[in-house]
Amino acid sequence: MRRRSFLLGAATAAVAGAAGYARSRIVETTADVSYPGMQAGHALRDGAALPAPSASHRHQVVILGAGVAGLSCAWKLAREGFTDFVVVQGPEFAGNAAGGQRDELHYPLGAHYLPLPSMASTHVREMLDDFGIIERGAGDLRPYYDETILVHSPQERLLRNGQWEDGLLPMTGLPDADVAQHRRFLALIDRLHTQLGNDGRKVFCIPLVLSSDDPAWRALDTITFKQWLDREGYTSPALHWYLNYCCRDDYGANYDVVSAWAGLHYFASRDGHAANAAEGAVLIWPGGLSVLADRMRQAIDEKLGHTRWLMAGTAVRVAETPAGPLTTCLTLDAEPRAYTLQSRRTVCAMPLFVAQRILPDIRAYGYDPAAHASSHAPWLVSNFVLDGYPIEAPGEPLSWDNVVYQGRGLGYVVSTHQLLRVTRSPRTAFTAYHALSGQTPSAARQWLTTASPQDLRDEAAADLIAAYGREFWRNARRLDITVRGHAMASPLCGYLSNAGLAALRDVDGPVLFAHADLSGYSVFEEASWWGVVAAGRILGQQALRRGTHG
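Residues numbered from 1 in each chain as written. Predicted model: local features only at pLDDT ≥ 70, side-chain atom pairs only at ≥ 80, totals over all residues. Heavy atoms only, no water.

The name an unreviewed UniProt entry gives the chain is NAD(P)-binding protein, with Achromobacter spanius as the organism.

Laid out in structure tokens, this is it:
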């Protein structure tokens with residue numbers, strides 16, 4: 001069945017599904033809450049005592065962390081025929097790209113989609129081609145993608161004034177002056193997609209380090225996105241809401257603290273196209289980006305012919321020795337055990353706030369945490385497992401992405417949206433995202449450590465209750481909440497000129513760094529870029545395109 005055939009029969013399925021599976025009474029589901037990485041992180045922070053190592057191993061390369069950056073590094077090494085490496089998993093396989101499963105349903109525990117990669121994101125195109133996601137034309141302006149993962153229609157909708165509207169940028173029922181501002185902003189973004197700086201490079205590019213150094217454009221990093229909007233005469237409340245929502249969604253922070261350069265980069269760097277999809281399409285899977293992490297793992301297994309390259313445990317100390325870095329790792333079993341890994345080169349593919357605690361002195365690499373550390377945003381990712389579907393209000397049909405205007409959260413996505421069938425599945429999962437940007441990151445983390453499961457449930461369900469009322473609980477059977485206290489780096493003013501991040505990007509010695517934190521914000525394209533750059537350095541390749549550029 002082709003992708004647009006999904007719409008057949010959808011109008012009648014909503015009421016039928018809800019009637020068939022609704023509870024006879026309203027019961028607010030009890031939340032199961034997980035805090036991935038918190039225990040290990042707090043042990044590092046507090047300097048917990050370690051057991052004596054019980055085993056020692058030696059490899060040419062050790063990669064610390066099986067998030068997107070670490071897996072991308074390993075995938076690239078294996079693809080090029082380099083085999084003597086291991087990856088220390090860390091507290092959570094795939095990190096911010098992790099996924100979960102319940103009742104035969106897959107759902108994301110972190111990032112949930114991938115924009116179509118631009119021409120500059122050659123490393124992502126190479127990866128998608130390797131996995132068969134790009135079926136042909138990986139180097140073309142418009143590759144042909146696997147249609148089953150190109151987001152089906154309807155893609156997104158907005159609940160405003162009690163009605164669902166198509167798309168997320170409000171246009172309906174607004175004053176003509178506001179609509180004109182919205183169109184002016186969209187026209188600007190269209191021009192910025194191809195805008196070049198005085199050095200001949202694109203002003204806004206992804207990976208970020210390929211962007212222009214033109215100081216006239218880089219000056220946007222000295223003011224906030226909100227200040228820029230005010231300066232340019234954008235006064236529409238609906239436009240301000242939308243752009244603030246986008247900053248919260250991609251960066252975990254409000255537009256009155258996010259860099260104006262980052263605010264525009266969110267839109268202007270996204271210029272990928274597909275031969276078989278409309279503009280603005282994205283790649284999605286029921287389990288979010290965990291599918292790509294699993295594909296990398298499978299590809300590495302096949303290249304190496306074994307699975308021993310992925311080691312349990314988390315790195316807790318890296319010591320520099322004449323033989324190369326010596327890493328001490330700790331398993332997270334009921335009875336923890338320690339082991340060591342001796343290597344010629346070690347890749348720190350972990351958040352910098354973790355790397356600074358396991359290295360003897362990260363300042364030796366030009367990075368001073370007191371001066372250069374990025375703000376990290378706390379998040380909730382909440383998966384509501386439903387029997388049937390709640391009854392929809394009039395307007396647009398249930399979409400993949402569903403957002404509440406001026407809502408407390410960031411809306412919710414539907415895990416079963418891509419199922420190619422005429423009638424809806426009997427079960428589904430709604431994944432609600434919530435960036436706790438209404439308070440400082442430290443205050444939000446403090447709240448997260450003391451909040452009860454009921455408090456977290458009420459916060460997680462806020463947008464769903466706004467959309468469906470308390471009737472939503474008639475369909476909800478389970479609720480799994482993932483708390484990410486340091487989910488992502490936020491690109492606040494000045495992040496482009498962060499000398500510490502620039503220094504770590506240039507490190508090319510026994511210890512290498514590879515993480516989205518090097519770019520100052522967290523998306524798949526940036527994390528995978530730094531993993532591939534680290535692999536290139538290990539393989540002795542020239543810096544990939546300007547991969548070491550600061």
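This paragraph deals with the overall build of the chain. Of regular secondary structure, the chain possesses 17 helices and 21 strands. For the chain, whose C-alpha radius of gyration is 23 Å, the value lies close to the compact-globule estimate of 24 Å for 550 residues. Each principal axis of the C-alpha atoms in the chain carries an extent, and together these give about 70 × 55 × 45 Å. Counting only residues that meet the buried cut, the chain has 58% of its 550 residues in that class. Total accessible area on the chain is roughly 21,700 Å²; 50% of this is exposed by carbon and sulfur atoms. (Helix = DSSP H or I, 4+ residues; strand = E, 2+ residues; numbered from the N terminus. Rg over C-alpha atoms; globule rule 2.2 N^0.38 Å. Buried < 20%, exposed > 50% of the residue type's maximum accessible area, 1.4 Å probe, protein only. Areas by Shrake-Rupley, 256 points an atom, 1.4 Å probe, with all protein chains shown as cover.)

Ranked by internal contacts, the top residues of the largest apolar core, which has 153 residues, are Ile63, Phe85, Phe185, Trp228, Leu283, Leu359 and Phe513. Residues in contact with Trp228, not counting those within four places in the same chain, are Phe185, Leu188, Leu220, Ile223, Tyr234, Ala260 and Leu264. By size, the runner-up hydrophobic cluster in this structure holds 29 residues, among which are Leu456, Leu464, Tyr468 and Trp473. (Core = buried A, V, L, I, M, F, W, Y, C linked by side-chain atoms within 4.5 Å. Contact = heavy atoms within 4.5 Å.)

Let us now look at the packing of helix 5 (residues 176–192) against helix 9 (residues 260–268). One way to put it is that helix 5 packs onto helix 9 with a least axis distance of 9 Å and a crossing angle of 80°. The orientation of helix 5 with respect to helix 9, classified from their angle, is roughly perpendicular. On helix 9, the residues touching Phe185, Ile189 and Leu192 of helix 5 are Leu264, Phe267 and Ala268. The class makeup of the residues in the contact of helix 5 with helix 9 is six nonpolar, no polar and no charged. (Axes fitted to C-alpha atoms, helices over the stretch in contact; angles between N-to-C directions. Parallel < 35°, antiparallel > 145°, perpendicular 65-115°, else oblique. Nonpolar A, V, L, I, M, F, W, Y, C, P; charged D, E, K, R; others polar.)

Using the criterion set out here, one finds zero disulfides in the structure. We note that Cys246 lacks a disulfide partner, and the nearest cysteine sulfur, in Cys247, lies 7.1 Å from it. Taking the relative accessible area as the measure of exposure, Cys246 reaches 2% and is therefore buried. Of the cysteine sulfurs around Cys493, a residue in no disulfide, the closest is that of Cys247, at 11 Å. (Disulfide = S-S within 2.5 Å.)

As a further point, take the packing of aromatic side chains. Under the defined criterion, the tally for this structure stands at 25 aromatic pairs. Geometrically, the ring pair formed by Phe384 and Trp473 is tilted, given 6.1 Å between the ring centres and 55° between the ring planes. Pair noted here: Phe384 is in strand 16 (residues 375–387) and Trp473 is in the loop between helix 15 (462–468) and strand 20 (476–490), with a separation of 89 residues, a long-range link. Here the two residues Phe384 and Trp473 agree in accessibility, since each one is buried. Judged by centre distance (6.2 Å) and plane angle (50°), the ring pair of Tyr412 and Tyr468 falls under tilted. Of the two residues, Tyr412 sits in strand 18 (residues 412–414) while Tyr468 sits in helix 15, which places them 56 residues apart along the sequence. (Phe/Tyr/Trp six-rings, centres within 6.5 Å; stacked < 30°, edge-to-face > 60°.)

Another aspect to go through is the environment of Ile391. On the secondary structure map, Ile391 appears in the loop between strand 16 and strand 17 (401–404). Taking the relative accessible area as the measure of exposure, Ile391 reaches 57% and is therefore exposed. Sequence separation of Ile391 and Leu292 is 99 residues, and the distance between their C-alpha atoms is 33 Å.

With 15 residues, helix 8 (residues 237–251) extends 21 Å between its outermost C-alpha atoms, agreeing within 8% with the 21 Å of an ideal straight helix rising 1.5 Å per residue. One or two positions beyond helix 8, positive phi appears at Gly252, with a value near 75°. (Expected span 1.5 Å × (residues − 1).)

So, about the packing of helix 3 (residues 68–79) against helix 10 (residues 290–304). Between helix 3 and helix 10, the shortest axis-to-axis distance is 9 Å and the interhelical angle comes to 30°. In terms of orientation, helix 3 lies roughly parallel with respect to helix 10. Remark: the crossing between helix 3 and helix 10 carries left-handed chirality. Residue-level contacts link Val68, Leu71, Ser72, Ala74, Trp75, Ala78 and Arg79 of helix 3 to Ala293, Met296, Ala299, Ile300, Lys303 and Leu304 of helix 10. Split by residue class, the contact of helix 3 with helix 10 holds ten nonpolar, one polar and two charged. (Left-handed = near helix turned anticlockwise from the far one by under 90°.)

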